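# Topology and contacts: notes
Residues per chain, in single letters:
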Amino acid sequence: MLVLAVQALVGSLIFWALWNLYKSRSANSSLNNIPGPPPKSIWTGSFGDFYNIDGWAYHDSIAKAYGGVIKIKSLIGEQHIFEESPAVIMSHNLIFGQGLLGTLVLTFYDVSYKLRDAIESEVKNGPQITRRSTLTPKQLVPSMFKLNMLSAYVLLPLSKVGSPKFRRWMVDTVPYKNLHAVRDIVDVIYNTSIEIFEAKKAALNNGDEALAKQVGRGKDIMSILMRANMAASKEDSLTREELLGQMSTLIFAAMDTTSSALSRILYLLSHNQVVQDKLREEITEAREGGGDLSYDDLVSLPYLDAICRETLRLHPPVPMVNRTYVVFFTLYSAGRSHFWITYVSTQADTVLPLSTPIRDVEGREIWELAIPKGTLVNLGIMAANRNLEIWGPDANEWKPERWINPLPDSVVTAHLPGIYSHLLTFLAGGRACIGFKFAQLEMKAVLMLLIESFRFHPTEDKIFWQMAGVTTPVVIGSRNKAPQLPLLVEKVVR
Ligand code: HEM
């Protein structure tokens, strides 16, 4: 009897606390007047639809129905803002300048030749289906995406508990598959960073000749960073752990994103043989004289460029991001601090100017959006890239040709603040992607060699693209749930 009474009391207290949280989140907010889809549930709002690996149609429908700024009801009455027309423009410095890229292209060729030769040996006796994991995104971002809710509501407070060793023990002990998947991938990234770091350090200590034999020939970003670090004064230099942190960040930011973009391009080319032929023709003609194309010649192949731009427009590998204020916290340490999770919300009441006015639920025009402290702001990269008013009625179609012809005035005058091609694919502002030139060059070098040598066809597998932080392909109905993109590869005979 007593047990029942205690259970009833605890249950009522929890309900009361949640109800009060719900009421405080819903009451008197400047966001109440912002239009948005009706929540499916009082407790979970539209969370399940919004953060869904199959959220494509939902995102498309809310963008069509509510336009540029949308209020999303989330967990326990929480209100998010989903923006597809960011208004803030900030300065941005590129770290991968033209000079460095000119040298990096040689590294990309080295690696692309290895990939080409490996595929060539697989298809020398006839067409073969390839499922190379080198081209398909890895699992880190999809696994982290599945942790999103847990990270914000449960892991955040736990991250402050005990020593790093204790937290690692906790992560190992909790019987949660997705958490372990993230742990394992982070371990791989961290261990890879150590391997690269030690190899570079040894080469730097052994002089130029040893360095020249390394991947990147001593001109890669890590060698440059480490050399600058050795020359810096003690107080300005980074510690070993900080350098390893930089490496892990670069591997994390560069890997899934670029392979997602490359996978998507190969997928689209396999379904569009006419486009694939035209691209092959352009590449073959450019390579007629033999030898590798210089950086300048490679980046100015117009059709290759148009295909990359159009794919990055219509299918940005990162379809949306959370912005404004980020709290980083360490969940556990492999070494020191290499597994962080971000929780994002506005730090103070903010007024956001809008590039295009919206109408509130009463039909009044709004030019400025008052966002209360603590609001989670999602930026709809894909929705902005597909805006019908900017890109025209065919905005949702894949048309590389649109980049060959002059862009319409509506694109140029939209003044979207993106750092790349009037698009938000690599975001805008001070925290935009630092590797966007690097990514494009890598994609172009790989595509040039692969399309020149092979013809890609779709297989009978049905591909589903997961909307998971970074978009990843999986095979519908396959027992293998890992990202994969099977393609039928045939050697091009000249
Ligand atoms: C097609 C490939 C890529 C896409 C679509 C992409 C997209 C993005 C986006 C949307 C962000 C902003 C994320 C956020 O703030 O939440 C970002 C940040 C970043 N990206 Fe990329 N990225 C790509 C490739 C790369 C590559 C190749 C590198 C490194 C070589 C890189 C390094 C970074 C870094 C370091 C940041 C964090 C910048 C900061 O917060 O200051 N990215 N990227």
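Residues numbered from 1 in each chain as written. Predicted model: local features only at pLDDT ≥ 70, side-chain atom pairs only at ≥ 80, totals over all residues. Heavy atoms only, no water.

Our working definition: UniProt positions are given in the numbering used here, feature names are shortened, and annotations may be inferred rather than shown by experiment.
Under an unreviewed UniProt entry, the name given to the protein chain is Cytochrome P450, and the source organism is Hypholoma sublateritium. The UniProt entry for the protein chain carries the following text under Subcellular location (unreviewed entry): "Membrane". Under the UniProt heading Cofactor (unreviewed entry), the entry covering the protein chain gives this text: "heme".

## A closer look at the overall build of the protein chain
For clarity, the cut-off: Helical segments are the DSSP runs of H or I of at least four residues, strand segments are the runs of E of at least two, and each set is numbered from the N terminus. Whether two residues are in contact is decided by their heavy atoms: any pair within 4.5 Å suffices. For the accessible areas, the method is Shrake-Rupley and the probe is 1.4 Å, while residue cover comes only from the protein chains on display.
Across its full length, the protein chain holds 17 helices and 13 strands. Considering only residue pairs separated by 6 or more positions, the protein chain has 72% of its internal contacts joining residues 24 or more positions apart. Working note: accessible area of the protein chain is about 24,300 Å², and carbon and sulfur atoms make up 59% of it.

## A few points about helix H13 (residues 302-314)
Applied cut-off: Residue count minus one, scaled by 1.5 Å, sets the expected span of a helix. Accessibility here uses a 1.4 Å probe with only protein chains present; expressed as a share of the type maximum, an area under 20% marks a residue as buried, one over 50% as exposed, and anything in between as partly exposed.
Here H13 contains 13 residues, and its C-alpha end-to-end distance of 18 Å stays within 8% of the 18 Å for a straight helix at 1.5 Å per residue. Along H13, 11 of the 13 residues are buried, which leaves the element largely enclosed by surrounding structure. Those residues of H13 that sit buried are Tyr303, Leu304, Asp305, Ala306, Ile307, Cys308, Glu310, Thr311, Leu312, Arg313 and Leu314. The secondary structure elements touched by the buried residues of H13 are helix H10 (240-271), helix H11 (273-286), helix H12 (295-299), helix H14 (381-385), helix H15 (388-391) and helix H17 (436-453).

## Describing a nonpolar patch on the surface
Heads up, the rule is: Note on patches: the residues involved have over 30% relative accessible area and no salt bridge, like charges join within 9 Å, and the nonpolar side chains Val, Leu, Ile, Met, Phe, Trp and Tyr join within 5 Å. We define a salt bridge as a side-chain nitrogen of Lys or Arg found within 4 Å of a carboxyl oxygen belonging to Asp or Glu.
A cluster of nonpolar side chains, namely Leu2, Val6, Val10, Ile14 and Leu18, defines an oily patch on the protein surface of about 450 Å² accessible area. Structurally, Leu18 can be placed in helix H1 (residues 2-26).

## Topic: the pattern of salt bridges
The full count for this structure, using the stated rule, is 25 salt bridges. Note that Arg240 is salt-bridged to Glu198, the shortest N-O span being 2.9 Å. With Arg240 in helix H10 and Glu198 in helix H7 (residues 177-205), the pair connects residues that are 42 residues apart, well separated along the chain. With a relative accessible area of 35%, Arg240 lands in the partly exposed category. Residue Arg240 pairs with Glu241 through a salt bridge whose shortest N-O separation is 3.8 Å. On the accessibility criterion, Glu241 (19% relative accessible area) is buried. Via salt bridges that share partners, Glu310, Arg313, Asp394, Glu397, Lys399 and Arg402 belong to a single interconnected network.

## Brief notes about the UniProt feature "binding site: heme" (unreviewed entry) in the protein chain
UniProt marks Cys433 with the feature "binding site: heme" (unreviewed entry), using the numbering shown here. Within the secondary structure, Cys433 sits in the loop between helix H16 (409-412) and H17.

## Observations regarding the packing of aromatic side chains
Each aromatic ring pair is characterised by the separation of its centres together with the angle its planes make. So the rule is basically this: Pairing of aromatic side chains requires ring centres within 6.5 Å, counting the rings of Phe and Tyr and the six-membered ring of Trp. Pairs whose planes differ by under 30 degrees are stacked, by over 60 edge-to-face, and all others tilted. When the NZ atom of lysine or the CZ atom of arginine is within 6 Å of a ring's centre and also within 35 degrees of its normal, the charge is said to sit over that ring.
Going through the model one piece at a time under the given rule, you end up with 10 aromatic pairs. Relative to Phe426, the ring of Tyr420 has its centre 5.1 Å away and its plane inclined at 90 degrees; by these criteria the two rings are edge-to-face. Judged by its relative accessible area of 3%, Tyr420 is buried. Geometry around Trp465 places Arg264 over its ring, the cationic atom sitting 3.9 Å from the centre. Positioned above the aromatic ring of Trp391 is the side chain of Arg313, whose terminal nitrogen or guanidinium carbon lies 5.2 Å from the ring centre.

## Quick notes on H17
Here H17 spans 26 Å end to end across 18 residues, near enough to the 26 Å set by a 1.5 Å rise per residue. Here H17 lies mainly inside the structure; 16 of its 18 residues are buried.

## A word on the packing of H13 against H17
The condition that has to hold: Geometry is summarised by axes, namely lines fitted to C-alpha atoms with helices restricted to the contacting stretch, and by angles between N-to-C directions that run from 0 to 180 degrees. Small angles under 35 degrees read as roughly parallel and large ones over 145 as roughly antiparallel, with 65 to 115 read as roughly perpendicular and the rest as oblique. By convention the crossing between two helices is left-handed if the near helix lies anticlockwise of the far one by an angle smaller than a right angle, and right-handed if it lies clockwise. Residue classes follow a fixed rule: Ala, Val, Leu, Ile, Met, Phe, Trp, Tyr, Cys and Pro count as nonpolar, while Asp, Glu, Lys and Arg count as charged, and any other residue, Gly among them, counts as polar.
Running from amino to carboxyl end, H13 crosses H17 at an angle of 125 degrees, the nearest separation of the two axes being 11 Å. Relative to H17, the element H13 is oriented oblique. By crossing handedness, the relation of H13 to H17 is classed as right-handed. Contacts from Leu304, Asp305, Cys308 and Leu312 of H13 reach H17 at Met443, Lys444 and Leu447. Looking at the contact of H13 with H17, its residues break down into 5 nonpolar, no polar and 2 charged.

## Comments concerning the pairing of strand E12 (residues 472-475)
Selection rule: Should DSSP find at least two bridges between two strands, the strands are taken to pair.
Of the two faces of E12, the one holding Thr472 and Val474 and the one holding Pro473 and Val475 are both buried throughout. Here strand E11 (residues 463-466) pairs with E12 via 4 bridges, running antiparallel. The partner of Phe464 across the bridge, within E12, is Val474.

## Section: the sheet that holds strand E13 (residues 487-491)
What the 3 strands build is an open sheet, ordered E3-E13-E10; its pairing is antiparallel. Of all the strands in the sheet, just strand E3 (128-130) and strand E10 (454-458) have a single pairing partner and so form its edges. On average, each strand axis in the sheet is inclined to that of its neighbour by 40 degrees, with strand direction left out of account. Relative to E13, E10 runs antiparallel, the two sharing 5 bridges. The residue of E13 that forms the bridge with His457 is Leu488. Of the strands in this sheet, E10 and E13 touch H10, which is tilted by about 80 degrees from E10.

## A look at unusual backbone geometry
In this structure, His422 is a non-glycine residue whose phi angle is positive, near 60 degrees. Although it is not a glycine, Leu427 adopts a positive phi angle of roughly 70 degrees. Here Leu427 is to be found in the loop between H16 and H17.

## Regarding the pairing of strand E8 (residues 365-371)
Within a regular strand, side chains alternate between the sheet's two faces. The pairing of strand E7 (residues 350-359) with E8 spans 6 bridges and is antiparallel. Looking across to E8, one finds that Pro353 is bridged to Glu368. Turn length for the E7-E8 hairpin, with the two strands adjacent in sequence and antiparallel, is 5 residues, and the turn residue Gly363 shows positive phi of about 85 degrees.

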